[in-house]
2 protein chains.
Amino acid sequence: MTDRTAGLPRRGALALAAGLLWPLPAARAQGGDPLPSWRDGPRKRALLETVAAITQAGGADFIPPEARIAVFDNDGTLWVEQPIYTQMIFILDRIRTLAPQRPAWREDPDLRAAIAGDLGALAASGTAGLLKLAGAAQAGTTPEEFQAIVAAWLRTARDARWQRPYTALVYQPMLEVLGFLRDNGFTSFIVSGGGVEFVRSFAWPVYGIPPHRVIGSTFALHADERDGRIVLERMPQVDFIDDGPGKPVGIARQIGQRPIIAFGNSDGDLQMLRYTTEGPGRRLGMIIRHDDAEREYAYDRDSHVGRLARALDEAPQRGWQVVSMRQDWARIFPP
Amino acid sequence: MTDRTAGLPRRGALALAAGLLWPLPAARAQGGDPLPSWRDGPRKRALLETVAAITQAGGADFIPPEARIAVFDNDGTLWVEQPIYTQMIFILDRIRTLAPQRPAWREDPDLRAAIAGDLGALAASGTAGLLKLAGAAQAGTTPEEFQAIVAAWLRTARDARWQRPYTALVYQPMLEVLGFLRDNGFTSFIVSGGGVEFVRSFAWPVYGIPPHRVIGSTFALHADERDGRIVLERMPQVDFIDDGPGKPVGIARQIGQRPIIAFGNSDGDLQMLRYTTEGPGRRLGMIIRHDDAEREYAYDRDSHVGRLARALDEAPQRGWQVVSMRQDWARIFPP
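Residues numbered from 1 in each chain as written. Chains lettered and ligands numbered in written order. Predicted model: local features only at pLDDT ≥ 70, side-chain atom pairs only at ≥ 80, totals over all residues.

Enquirer: Even after reading the chapter, I still don't get the overall build of chain A, so can you show me in this structure?
Expert: For chain A, the helix and strand inventory stands at 14 helices and seven strands. A compact globule built from 335 residues would reach a C-alpha radius of gyration of about 20 Å, and chain A, at 20 Å, matches this within 12%. (Helix = DSSP H or I, 4+ residues; strand = E, 2+ residues; numbered from the N terminus. Rg over C-alpha atoms; globule rule 2.2 N^0.38 Å.)

This is the structure:
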């Protein structure tokens, strides 16, 4: 049988390869508590009560299923983003693999830092730096080729601290939220500052989110012909950065509806949280706060990756729930 | 109750307003023939056999549901596009409404033609002309405001030939295809050269396609603040034309998977049809040919709107099915 799934990794295959045995069914409600990894408290209550109010037919806060849109940041909200974004690790590996054939790269300071594995310099270069390196490392591939390259990398790469695949370092409480919202008629989207095709390569097997419900930063695509076939080639130029003020723009362009619920963890999610909760009617904005150095990481105002300052300061006045990983989550990762 | 549906028209409300009483249930299979408005013949057989092969578990052509992606052009494929695109009629009405407050518009030949209602000049200006006028007519609104304006217009505007709402001039056989594919696990997308927000304003009530599954041409969106809230303002500059070679790009960016089935009707759909059917495994490309002047319109090579020449010439060698509206469709519009 030829490959008919057009670059989409089989859910079972990648989940197995990643050591995740069908995380989503396990994350679903099984008669009892739909959020078993959330400890009782104001954050869990806000989630349960908001969804109950929105789904109660005839209630004052009822929202029909076609308007039940939820958005999730990815890095630091659905999976680990420290000590540096997983996509950056991928790009570093990819750049080192390709470097021997690209001597010109050694003239560029960012590329030189990447080849040397200088994480500090790279973290300081921010989203723009990430995307520049991503362009250099990934240009010339089709979206389908690129997804296959990422999927192959995810099968073998391991996080240095936990020695586990990156796709195993997703937050079990958030998998439960995805399942809980799905069971209540919500349509969930990932709205990531990362490259859209990078996130798409694992969003289906790991989160149950199909490619068309992933919004991310994009590279220019050039439509060309090769051997009598249309080929879409990924160019090195970033044409959209889905971060900060870009997130509401990406949401409006790709979803076309204002979300009802938003989850984020950094100032890059501030505008997405505002755009969501400034809409009329019942809304919910939640910030995942990384305050658990023992089980994961503790960082906020001074972090190069996932800095959280302004959104944290504005959370009380805007009615956003700040989730303490240490207090609110009984478990961090899937069992 | 305040408006919590964020600009999404209620399906029942708009369908009723448009004189369409829940078209989709009627279009679905009710135990028997899933495509009752299609006459028996090679085109209907191609549709039924392709879907049967793709959905047969264990079969050589089986494709899992997560890869069952179908794409549909809108103008001329799902609804009438003659004598000129419906969006152009909307824009003309809108420009005439706004013209008294915009005296500068009379300096521009395209805008002057629009104010004068010169359809010939406008048809000749093509997609680029349409989008320029669209930008002028629609700039300064938010996506939500714009959808409300379009929805209000669709409730009252009538096609001159049939004296029916434009949303009643959709093709019943295509509503049946949408329902048939949905019932067989496909996820369908509209991939239109028209403005994405225009099509989104009616795609849900009329086709059952939610806003996030509509891809179209876009205007630049500017994120701004107004009264302490984030406001997305639609700018007059077109930033993406989802036509011709733009269609595979729009598909790759927004869907992230190569489609299995594509429907189009003009040369603007050529690259979308190619991108779909050049993929490996079983694929289906279909062209709706407008050859029924009595019940609808007859046009192809010489038409300013929906010109069909190259795609028609290439159809045999590429294995595309050319649907004759006259022969293959027992009914054109919903009853």
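Picking up where we left off.
Enquirer: Would you take a moment to explain the interface of chain B and chain A for this structure?
Expert: Interface size is often expressed as the accessible area that is lost when the parts come together. In this assembly, 42 residues from chain B lie in contact with 43 residues from chain A. Only helix 10 (196–207), strand 3 (214–226), strand 4 (229–240), helix 11 (246–254) and helix 12 (270–277) of chain B provide two or more residues apiece to the side of chain B that touches chain A. Looking at the side of chain B that touches chain A, the element that brings in the most residues is helix 11 of chain B, giving five residues. Partitioning the side of chain B that touches chain A into residue classes produces 23 nonpolar, 10 polar and nine charged. (Contact = placed C-beta atoms within 7 Å. Nonpolar A, V, L, I, M, F, W, Y, C, P; charged D, E, K, R; others polar.)

Enquirer: Would you explain the packing of helix 11 of chain B against helix 12 of chain B in this entry?
Expert: For any two helices packed against each other, one specifies the crossing angle of their axes together with the interaxial distance. Residues and elements named next belong to chain B. Where helix 11 meets helix 12, the closest approach of the two axes is 7 Å, and the angle between their N-to-C directions is 55°. With respect to each other, helix 11 and helix 12 are oriented oblique. Residue-level contacts link Lys247, Pro248 and Ile251 of helix 11 to Gln271, Met272 and Tyr275 of helix 12. Grouping the amino acids of the contact of helix 11 with helix 12 by side-chain chemistry returns four nonpolar, one polar and one charged. (Axes fitted to C-alpha atoms, helices over the stretch in contact; angles between N-to-C directions. Parallel < 35°, antiparallel > 145°, perpendicular 65-115°, else oblique.)

Enquirer: How do you make sense of the relation of the copies chain B and chain A when you look at a structure like this?
Expert: Here the second copy of the chain follows from the first by a rotation about an axis and a shift along it. Once turned by 180° and shifted 0.0 Å along the axis, chain B lies on chain A with an RMSD of 0.0 Å. With respect to symmetry, the two chain copies, as superposed, fit the operation of a two-fold axis. Ranked by how close their C-alpha atoms come to the rotation axis, the residues of chain B are headed by B:Gln254, at 3.4 Å. When the interface residues of chain B are mapped onto chain A, 100% of them again lie at the interface, so the same face is used by both copies. (Least-squares fit on C-alpha atoms with pLDDT ≥ 70 in both.)

Enquirer: Just checking my understanding: could you explain helix 4 (residues 86–98) of chain A for this structure?
Expert: One turn of an α-helix holds 3.6 residues; hence residues three or four places apart share an orientation. Between its first and last C-alpha atoms helix 4 of chain A spans 18 Å; for 13 residues at 1.5 Å apiece the expected length is 18 Å, and the two agree. Restricting attention to buried positions, one finds in helix 4 of chain A the residues A:Thr86, A:Gln87, A:Met88, A:Phe90, A:Ile91, A:Leu92 and A:Ile95. (Expected span 1.5 Å × (residues − 1). Buried ≥ 20, exposed ≤ 12 C-beta atoms within 10 Å, placed from the backbone.)

Enquirer: Is there a simple way to think about the pairing of strand 7 (residues 321–324) of chain A in this case?
Expert: When a strand is regular, its side chains alternate between the sheet's two faces. Residues and elements named next belong to chain A. Bridge count between strand 6 (residues 284–289) and strand 7: four bridges; the pairing is parallel. Across the sheet, residue methionine 286 finds its bridge partner in strand 7, namely glutamine 321. The parallel pair strand 6 and strand 7 is bridged by helix 13 (residues 310–318), and the resulting crossover is right-handed. (Pairing = 2+ DSSP bridges. Right-handed = clockwise from strand over helix to strand, strands pointing away.)

Enquirer: What exactly am I supposed to notice about the sheet that holds strand 3 (residues 214–226) of chain A here?
Expert: Backbone hydrogen bonds are what pair the strands of a sheet, in a parallel or an antiparallel way. Residues and elements named next belong to chain A. Strand order in the open sheet made by the seven strands is 4-3-2-1-5-6-7, with mixed pairing throughout. Edge strands, defined here as strands with exactly one partner in the open sheet, are strand 4 (229–240) and strand 7. Here the average twist between neighbouring strands, direction ignored, is 30°. Across the sheet, helix 13 touches strand 6 and strand 7, and the angle it forms with strand 6 is around 145°.

Enquirer: Can you walk me through the environment of A:Ala298 in this structure?
Expert: All names here are of chain A. Assignment of secondary structure puts alanine 298 in the loop between strand 6 and helix 13. For alanine 298, a count of 15 C-beta atoms within 10 Å puts it in the partly exposed group. When the C-alpha positions of alanine 298 and methionine 325 are compared, they lie 9.3 Å apart, and in sequence the two are 27 residues distant. Leaving out residues up to four positions away in the same chain, alanine 298 has contacts with His290, Asp291, Asp292 and Ala293.

Enquirer: Explain unusual backbone geometry to me, please; I cannot follow it from the model alone.
Expert: If a residue is not glycine, its phi is most likely negative; likewise, a peptide bond is most likely trans. All names here are of chain A. Here glutamine 82 and proline 83 are connected by a cis peptide whose omega angle stands at 0°. With respect to the secondary-structure elements, proline 83 resides in the loop between strand 1 (69–72) and helix 4. For aspartate 227, which is not a glycine, the phi torsion comes out positive at approximately 50°. Of note, aspartate 227 is situated in the loop between strand 3 and strand 4. On the basis of neighbour counts, which here come to 5 C-beta atoms within 10 Å, the residue aspartate 227 falls in the exposed class.

Enquirer: When you look at the sheet that holds strand 7 (residues 321–324) of chain B in this model, what are you seeing that I'm missing?
Expert: All names here are of chain B. Taken in spatial order, the seven strands make up an open sheet running 4-3-2-1-5-6-7, and their pairing is mixed. Each having just a single partner strand, strand 4 and strand 7 make up the two edges of the open sheet. Averaged over all pairs of adjacent strands, the angle between their axes in this sheet comes to 30°, without regard to strand direction.

Enquirer: I keep staring at helix 10 of chain B and nothing clicks. Help me out?
Expert: With 12 of its 12 residues buried, helix 10 of chain B lies for the most part within the structure. Along helix 10 of chain B, the residues classified as buried are B:Val196, B:Glu197, B:Phe198, B:Val199, B:Arg200, B:Ser201, B:Phe202, B:Ala203, B:Trp204, B:Pro205, B:Val206 and B:Tyr207.

Enquirer: Explanation requested: the confidence of the model for chain A in the structure shown.
Expert: Close inspection of predicted coordinates is inappropriate for parts of the model with low pLDDT. Residues and elements named next belong to chain A. Averaged over all residues, the pLDDT of chain A is 89; the fraction at 70 or higher stands at 90%. When the criterion is pLDDT under 50, residues 1–29 qualifies, and its contacts beyond four places in sequence or with other chains add up to 68 contacts. Per the prediction output, this complex has pTM 0.90; the corresponding ipTM is 0.89. (pLDDT = per-residue confidence, 0-100.)

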